[in-house]
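What follows is each chain in one-letter form.
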Amino acid sequence: MTILVTGGAGFIGANFVLDWLAHGSETVINLDKLTYAGNLQNLASLEGDGRHVFVHGDIGDAALVARLLAEHKVRAVLNFAAESHVDRSIEGPGAFIQTNIVGTFNLLEAVRGYWSALPDAERAAFRFLHVSTDEVYGSLDADAPAFTESHRYEPNSPYSASKAASDHLVRAYHHTYGLPVLTTNCSNNYGPYHFPEKLIPLVIHNALAGKPLPIYGDGQQIRDWLFVTDHCSAIRRVLEAGRLGETYNVGGWNEKANIEVVRTLCAILDELAPRADGQPYARQMTFVKDRPGHDRRYAIDARKLERELDWRPRETFETGIRKTVQWYLNHQDWVRNITSGAYREWVERQYAA
Ligand code: NAD
Ligand code: TYD
């Protein structure tokens with residue numbers, strides 16, 4: 001038995017591949033384009049492990065996907081591949097349309113061709129699991145209930161709009177062709193291998209480098225945080241037992257204002273890696289221009305997943321964030337290797353003001 005993971009060299013995909021192979025022996029074919037966000041160092045511990053087959057390629061390359069599916073007799077596809085950074089989608093939405101929408105469409109077409117020719121039993125057992133985000137639901141008012149799976153789609157950024165479009169395509173392939181799909185919509189992830197363009201790793205990285213910790217607007221925007229291995233366990237569970245055609249929200253009831261997240265990171269760093277001058281890291285906090293169209297609040301109601309599939313997160317925000325800071329402190333070489341030319345250029349443009 002073999003699964004095909006797309007985007008498995010990125011943050012969540014790499015965590016998933018490592019987690020998958022830690023829990024079983026089923027081979028993973030890992031198809032990744034290695035954009036700026038893809039990093040094979042995330043998978044260095046799998047070197048020489050025959051259960052992991054890396055393929056450098058694009059989900060939009062239907063011929064390649066068709067060949068991989070047939071050659072490896074794939075029984076499930078898990079689609080993590082995407083352009084994932086909201087700020088980059090504001091600066092240049094084209095790549096988001098190309099990968100998240102056109103790429104997902106081409107992937108679905110290749111999968112449909114393979115799946116429809118399978119013998120009955122294999123066709124019935126096949127799964128296409130699409131990894132999506134809570135951002136497709138738009139922004140919540142402060143006192144509104146958390147997003148359930150029936151919340152209407154109101155995406156506000158080019159990123160979330162492109163993910164929403166991909167969710168709709170996946171849904172349509174189930175409704176129209178009967179493709180056995182599952183969709184997960186997860187809240188903000190954090191943890192090891194998180195690319196340092198996103199809030200939590202950026203703050204840790206900048207703090208240690210003595211740089212400003214940029215807080216957009218008033219810092220009161222709320223995100224609902226989930227430790228990445230909890231997301232991985234939810235995906236494994238949905239793949240195993242999710243009802244076909246259903247969507248499952250994934251979250252850990254950890255709503256935090258951005259400023260609170262940054263203060264927490266500073267406090268943990270003060271304890272684990274104090275500044276040489278003895279001053280608190282919070283001194284580096286700097287309010288900067290807000291993100292255009294910045295969503296105010298996300299919150300996930302994950303009760304369907306808990307009720308139907310008996311899934312629960314293992315980490316609280318307090319345990320997960322401490323593990324994350326410790327991981328970054330122990331992996332400074334990983335961060336240094338990532339902060340390549342392309343990354344530096346982006347950071348210089350984004351925070352120029
Ligand atoms: P990431 O940007 O860290 O990684 C994306 C990976 O996809 C990279 O390895 C990249 O090289 C690869 N990729 C990009 N375009 C590709 C293409 N055309 N073909 C093949 N590979 C391609 O993203 P992430 O944070 O790991 O997110 C993974 C998935 O989870 C995305 O679909 C994202 O929308 C979703 N998601 C992310 C979060 C989060 O907080 N990060 C939360 C919920 C859902
Ligand atoms: P981010 O990690 O980019 O995830 P997303 O936009 O998908 O939620 O940002 C998390 C929150 O942190 C979001 O409200 C934007 C904010 N933010 C900052 O305040 N400063 C920063 O430098 C970054 C990257 C994000």
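The paragraphs below set out a description of the structure included in this document. Small disclaimer: the values here were computed from a predicted structure and weren't measured.

A few words now on the sheet that holds strand β11 (residues 255–257). If you trace the 3 strands from one edge of the open sheet to the other, you get β7-β9-β11, paired in mixed fashion. Edge strands, defined here as strands with exactly one partner in the open sheet, are β7 (188–190) and β11. This sheet shows a mean twist of 50 degrees between the axes of neighbouring strands, independent of strand direction.

The next thing to look at is the layout of surface pockets. By volume, the largest pocket amounts to about 570 Å³. In terms of lining residues, the largest pocket is bounded by 24 residues, among which Pro214, Val347, Gln350, Tyr351 and Ala352 are the most central. Per-element tally for the lining of the largest pocket: the top contributor is helix α13 (residues 341–350), with 5 residues. Lining of the second largest pocket is provided by 14 residues; of these, Tyr153, Asp167, Arg171, Gly245 and Thr247 occupy positions nearest its centre. Secondary-structure elements contributing two or more residues to the lining of the second largest pocket are α6 (158–177) and β6 (181–186).

With 62 residues, the main nonpolar core has Phe16 and Leu78 as its most contacted residues. Setting aside chain neighbours within four positions, we find phenylalanine 16 in contact with Ile3, Val5, Leu78, Phe80, Cys232, Ile235 and Arg236. The next biggest cluster of nonpolar side chains, apart from the first, holds 25 residues, and it includes Leu4, Leu64, Phe128 and Tyr173.

Evaluation of the coordinates by the stated rule reveals 23 salt bridges. One salt bridge in this structure joins aspartate 87 and arginine 291, with 2.7 Å as the shortest N-O distance. Placement of the pair is aspartate 87 in helix α3 (residues 86–91) and arginine 291 in the loop between β12 (285–288) and α10 (303–309), with a sequence separation of 204 residues. Among the ionic pairs, arginine 243 bridges to glutamate 246, the shortest N-O distance being 3.6 Å. The partly exposed category is assigned to arginine 243, whose relative accessible area is 42%. By relative accessible area, which is 22% here, glutamate 246 ends up partly exposed.

Okay, the site of ligand 2 next. Neighbouring ligand 2 are 17 residues; Glu135, Arg223, Arg291, His294 and Tyr351 lie closest to it. Between an oxygen atom of ligand 2 and a main-chain N or O atom of leucine 199, the distance comes to 2.9 Å. Measuring from an oxygen atom of ligand 2, one finds a backbone N or O atom of tyrosine 216 at 2.9 Å. At the level of elements, α7 (199–208) and β8 (213–216) are the ones that each hand at least two residues to the shell around ligand 2. Here the shell around ligand 2 gets 3 residues from one element, more than from any other, and that element is β8. For the shell around ligand 2, a count of residues per class yields 7 nonpolar, 5 polar and 5 charged.

On to the packing of helix α2 (residues 62–72) against helix α4 (residues 94–116), then. One can describe the packing of α2 onto α4 by two numbers: an axis separation of 9 Å at closest approach and a directional angle of 35 degrees. Between α2 and α4 lies a crossing whose hand is right-handed. Counted together, Ala62, Val65, Ala66, Leu69 and Ala70 of α2 and Asn106, Leu107, Ala110, Val111 and Tyr114 of α4 form the full contact between these two elements. Grouping the constituent residues of the contact of α2 with α4 by class yields 9 nonpolar, 1 polar and no charged.

A few words now on the site of ligand 1. Taken together, 28 residues form the shell around ligand 1, and within it Ile12, Asp32, Ser84, Tyr159 and Lys163 come nearest. A distance of 2.7 Å is found between an oxygen atom of ligand 1 and a side-chain nitrogen or oxygen belonging to serine 84. Within the side chain of lysine 163, an N or O atom sits 2.6 Å from an oxygen atom of ligand 1. Burial of ligand 1 by the protein chains amounts to 97% of its free accessible area of 840 Å². Residue assignment for the shell around ligand 1 shows that the elements contributing at least two residues are α1 (11–23), β5 (127–133), α6 and β7. Per-class residue counts for the shell around ligand 1 are 12 nonpolar, 12 polar and 4 charged.

Turning next to the sheet that holds β6. Reading across from one edge, β3-β2-β1-β4-β5-β6-β10 is the order of the 7 strands in this open sheet, with parallel pairing throughout. Looking along the sheet, the strands with just one partner apiece sit at the ends: β3 (52–56) and β10 (247–250). Neighbour to neighbour, the strand axes of the sheet diverge by 20 degrees on average, direction disregarded. Strand direction decides the pairing type here: strand β1 (residues 2–6) and strand β2 (residues 27–32), joined by 5 bridges, are parallel. Counted as the bridge partner of valine 5 is asparagine 30 from β2.

In this section: the side chain of threonine 339. With respect to the helices, strands and loops of the structure, threonine 339 is situated in the loop between α12 (332–338) and α13. Within the local environment of threonine 339, its side chain forms a polar contact with the backbone oxygen of arginine 336, the two atoms lying 3.0 Å apart.

Analysis parameters
- Residues numbered from 1 in each chain as written.
- Chains lettered and ligands numbered in written order.
- Predicted model: local features only at pLDDT ≥ 70, side-chain atom pairs only at ≥ 80, totals over all residues.
- Heavy atoms only, no water.
- Pairing = 2+ DSSP bridges.
- Helix = DSSP H or I, 4+ residues; strand = E, 2+ residues; numbered from the N terminus.
- Axes fitted to C-alpha atoms, helices over the stretch in contact; angles between N-to-C directions.
- 1 Å grid on protein atoms, 1.4 Å probe; cavity = no way out; pocket = protein on both sides within 12 Å on 5 of 7 lines; lining within 4 Å.
- Points joined across faces, edges and corners; volume = space filled by probe spheres on them.
- Core = buried A, V, L, I, M, F, W, Y, C linked by side-chain atoms within 4.5 Å.
- Buried < 20%, exposed > 50% of the residue type's maximum accessible area, 1.4 Å probe, protein only.
- Contact = heavy atoms within 4.5 Å.
- Salt bridge = Lys/Arg side-chain N within 4 Å of Asp/Glu carboxyl O.
- Near = heavy atom within 4 Å.
- Polar contact = N/O pair within 3.5 Å; in protein donor to acceptor, adjacent residues only side chain to side chain.
- Nonpolar A, V, L, I, M, F, W, Y, C, P; charged D, E, K, R; others polar.
- Left-handed = near helix turned anticlockwise from the far one by under 90°.
- Areas by Shrake-Rupley, 256 points an atom, 1.4 Å probe, with all protein chains shown as cover.

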